[in-house]
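# A closer look at the structure
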Amino acid sequence: MSRFGRGGKVDSLSGFREKNTEPAVPFGLLKAARKSGQLNLSGRRLKEVPQTVYRLNLDPPEDAQQDVSFGASDHWWEQNDLTKLLLSSNQLTSLSDDIRLLPALNTLDLHDNQLSCLTSAVGELQELQQLRLSHNQLLSLPVEVCALTNLRSLTLQQNLLEELPEELGQLENLTELDLSTNRLRVLPSGLGRLGALQKVNLCHNQLTCLPDSLAQLTNVKLLDCSNNQLTDIPASLSEMVSLEQLYLRHNKLRLLPQLPVPCLKELYVGNNQIEQLEAEQLASLSAISLLELRDNKIRVLPEQIAGLSTLTRLDLANNDITTLPASLSLLPNLKALLLEGNPLRGIRRDLLTKGTNELLKYLRGRIQEKPEKEDEGPTAMTLPSQARVNVHDLRTLKLLVFSEKQASSIPDDLFDAAADQSVATVNFSKNQLTSIPPRLVELHASLSDINLGFNRLTCCSPDVCKLLQLTHIDLRNNQLTDLPSDMKNLTKLHSVILNYNRFKSFPDVLYHVPSVETLLLGNNQVCGVDPGCRSRSWRSLLENVLLCPCSRCLSLEGNPFRTPRAAIVAKGTDAVMEYLRGRIPT
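Residues numbered from 1 in each chain as written. Predicted model: local features only at pLDDT ≥ 70, side-chain atom pairs only at ≥ 80, totals over all residues. Heavy atoms only, no water.

This part takes up the overall build of the protein chain. From N to C terminus, the protein chain includes eleven helices and 22 strands. Across the protein chain, contacts joining residues at least 24 apart in sequence account for 38% of those joining residues at least 6 apart. Surface exposure of the protein chain reaches about 28,800 Å², of which carbon and sulfur atoms provide 46%. (Helix = DSSP H or I, 4+ residues; strand = E, 2+ residues; numbered from the N terminus. Contact = heavy atoms within 4.5 Å. Areas by Shrake-Rupley, 256 points an atom, 1.4 Å probe, with all protein chains shown as cover.)

Written out as C-alpha cells, the structure is:
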C-alpha cells in the first residue's frame, strides 16, 4: 500500500510541530537547589508550582532512581533542605497546601503574580523570615500567617486588602511591614504590639486616622502615611522616640503636626491644606534637618522658624508666601531653600535665581533690631544702660543685637544676658566703636556670625582670632588698614566683608585662609594686584583663592587699580579670576 493511501487521519504538520518534552522545572535546576538550598523560578510563566518543587526535600532525585553513579559530593541523601524559594513574576493564581512540605523555608517570594488568596498552610512554615506578596490580587491575609513568629519582613504592597487581622500583632520579630497601595480604611490596634518594627509603609490607602497604638512602636525609624485621607495626626505619635523620617504627603492636614520627637530629622507634609504655621509646632522640631512644606496654602512664615538650628533643607514651593522673615538668614546649616511658585514681594526675581546662599546674604542684611516699645512686657528686659535685649531673639534665634545706638562701647549687661545662651549671631553695627568689644571672646564656643560694620574701628583685635566657629565677619565702613595674622586659625571662615575701609593692599593673612568663599574689598585704596609677584604670600593666594573651586565672590570695585584694568574688574569675579589665573608665574 502506498504511504499516501494509508488509512486513518494524517497530520500534515506533524513534522513541523515542536515537541514539549522539557519538564516545567529543569532537572539541573532542581539538582543545584538540593545542593544550595535555594531555588529561583522567577519569570518562567508558571501557572502553578510543579509537585517536584514541593517534594524536593522528600523524593530522591531522578538520577538516583535510575542508578546513576553519584560522586562523593552528590549523595542525594546528604543534600540541603530548601530554604529559599523565589516564584516572583509568574502567572500563579494559587499556592498549593503542599507548601507545608518545605518547612525549612526562610524566604518565600511570590510577588508579581495573580494570587487572589493565600493558603493557610503558609502559617506552618515556622522558619520563614521573609514573605513577599506584593503586586498580587489578595483580598485578605489569612490569620494563620500571624503565627509566623520568626518573620522579619512582610511586604503586601499593591494588593486589594481592605482589612487586616487583629492577630497581626503576634509577629513579634517583624522589622519591616509594607502595606502600601491597598484599600485599607482602618488599621488593627494590634499593630502597636509589633515592638521590633523599624520601617512601616502605609502610603496609598484610604486611611482617615491613625490608631493611638502606633505610639507603642518605639523602634520605628521610618513611617510613610502619604496619599491617604488623614485630617489629623495623633499627638501620641510623639512617643515614637526612634522616628527619624515621617512622610505625610498628599493628605488633608490643615495644621503642621506638633511632634516633639527627639530623633525626627525629616518631615514631609507637602500637598496638604496647611494655611498657618504655629510657633509651638516649629519649636517641637528640635532635630529637624529636612522640612518639606511645598504645595500647601501657607501665607506667613513665623520668625520662630529661625529656631530650627539643625535645618539644612526647607521646601516652601507653591504656597502663598508674600514676604520672608529676615531671621531665615540666621539658620546656620541651611543649604537649600526652595521658594518657586510663591507670590513673593520685595525680593528681586534675579536674586531668587542666584540660589540659597545669595538669598540668605540678602536677608541677613535686612536684620535690624526691633524698635523699643514700652509695652513689650516679658519678651524684653531693660538694662541700666537703657539698652534692651529681646529675650526671645536671644534664647530662640541665638541672636544678640545692639545696633544703631551710636554707642562707643557695648554695655556689660548685654554680655551678661547672653551668658550660656549659645549665641550664634552678633550685630553691633552702626555705632561709634573704635575697638572690638573684648567680651566677644566669651561667646567663642558658638559665635559664627559677626556684624561690626559702620563703626570707627581702626584695628581688628587679635581676640577675633579666638572665635574658631566664625564663618562670616562684616567689617565694612570702618577705618581698617590691616587684619591680625592669627586670622589664619579661623578655618571655618567663609565670608569676609571689608568694603569702604583704608586697605592699600590685600590683607596678607587672607592668602592663608583657604575656606574663604566670598571676599568683598571694594572701595578701598588697593592700587594693584601683581600676579608676577613671587612672594610666599602671593603663591598662597594663588593656591588658596584663585585655584580654589570654593571661591565664589571676589569684589574689588572702587579701588584705584592699574592692573588689572578697570574694565576687567567691572566684569566681576569670574573675569578677575580668569585674568589672574592667566598670569600665574611658572
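It is worth spelling out the environment of P343 at this point. Mapped onto the elements of the fold, P343 is located in the loop between β13 (336-338) and α5 (349-352). Residues P343 and T323, 20 residues apart in the sequence, show an inter-C-alpha distance of 8.4 Å. With residues up to four places along the chain from it excluded, the contact list for P343 reads N319, D320, I321 and T322.

What follows concerns helix α1 (residues 27-36). All of the buried residues along α1 are L30, A33 and R34. Seen end-on, α1 carries its buried residues on one side only, within an arc spanning 100°. If you follow the buried residues of α1, they end up packed against β1 (38-40) and α2 (51-54). G37 lies just past α1 and shows a positive phi near 80°. (Buried < 20%, exposed > 50% of the residue type's maximum accessible area, 1.4 Å probe, protein only. Arc of directions from axis to C-beta.)

On to the side chain of T107. Mapped onto the secondary structure, T107 falls in strand β3 (residues 107-109). Here the side chain of T107 touches N106 through a polar contact of 3.1 Å, side chain to side chain. (Polar contact = N/O pair within 3.5 Å; in protein donor to acceptor, adjacent residues only side chain to side chain.)

Moving on to the pattern of salt bridges. The tally for this structure, following the rule as stated, stands at twelve salt bridges. The partner of R249 in a salt bridge is E292, and the shortest N-O contact between them spans 2.9 Å. Of the two residues, R249 is situated in the loop between β9 (245-247) and β10 (266-268) and E292 in strand β11 (residues 290-292); the sequence distance between them amounts to 43 residues. Within the structure, one salt-bridge network assembled from shared partners comprises D412, D416, R439 and E442. (Salt bridge = Lys/Arg side-chain N within 4 Å of Asp/Glu carboxyl O.)

All right, on to the packing of aromatic side chains then. Counted according to the given criterion, the structure contains two aromatic pairs. Between the aromatic rings of Y247 and Y268, the centroid separation amounts to 4.2 Å while the plane-to-plane angle is 5°, which identifies the pairing as stacked. You can see Y247 sitting in strand β9 and its partner Y268 sitting in strand β10, a full 21 residues away along the chain. For Y247, a relative accessible area of 15% corresponds to the buried category. Residue classification places Y268 among the buried residues on the basis of a relative accessible area of 9%. On the basis of an interplanar angle of 85° and a centroid distance of 6.0 Å, the ring pair of F415 and F428 is categorised as edge-to-face. In this pair, F415 is assigned in helix α8 (residues 412-418) and F428 in the loop between β17 (425-427) and β18 (449-451), connecting sequence segments 13 residues apart. Residue classification places F415 among the buried residues on the basis of a relative accessible area of 3%. The side chain of K430 reaches across the aromatic face of F454, ending 5.6 Å from its centre. (Phe/Tyr/Trp six-rings, centres within 6.5 Å; stacked < 30°, edge-to-face > 60°. Lys NZ or Arg CZ within 6 Å of the ring centre and 35° of its normal.)

Glancing now at the environment of L46. For L46, the location among the structural elements is in the loop between β1 and α2. Here L46 falls in the buried class, since its relative accessible area comes to 8%. Residues L46 and S89, 43 residues apart in the sequence, show an inter-C-alpha distance of 8.8 Å. Not counting the four nearest positions on each side in its chain, L46 is found in contact with A24, L41, N90, Q91 and L92.

Here we come to unusual backbone geometry. Although it is not a glycine, N227 adopts a positive phi angle of roughly 55°. Tracing the backbone shows N227 in the loop between β8 (222-224) and β9. On the accessibility criterion, N227 (26% relative accessible area) is partly exposed.

Right, let's talk about the side chain of S495 for a bit. Following the sequence through the fold, S495 ends up in strand β20 (residues 495-497). For S495, a relative accessible area of 7% translates into the label buried. Polar side-chain contacts of S495 include one of 3.0 Å to the side chain of H472. Residues in contact with S495, not counting those within four places in the same chain, are T471, H472, I473 and T518.

Here we come to the environment of T434. With respect to the helices and strands, the residue T434 is situated in the loop between β17 and β18. On a C-alpha basis, the gap between T434 and N455 in space is 6.9 Å, while along the polypeptide they are 21 residues apart. Not counting residues up to four positions away in its chain, the partners in contact with T434 are R456, L457 and T458.

Let us now look at helix α6 (residues 356-365). Every buried residue of α6 is listed here: T356, L359, L360 and L363. Burial along α6 is one-sided: seen end-on, the buried residues are contained in an arc of 100°. On its buried face, α6 is in contact with β13 and α5.

Moving on, we come to the confidence of the model for the protein chain. When the pLDDT values of the protein chain are averaged, the result is 83; 79% of them are 70 or greater. When mean pLDDT is taken per element in the protein chain, strand β4 (residues 130-132) scores highest with 98 and strand β14 (residues 380-382) scores lowest with 33. Here residues 14-22 is a poorly scored stretch, pLDDT under 50, and it has one contact once near neighbours within four places are set aside; other chains count. This stretch, residues 530-552, has a pLDDT under 50; its non-local contacts, to residues over four places away or in other chains, come to 49 contacts. (pLDDT = per-residue confidence, 0-100.)

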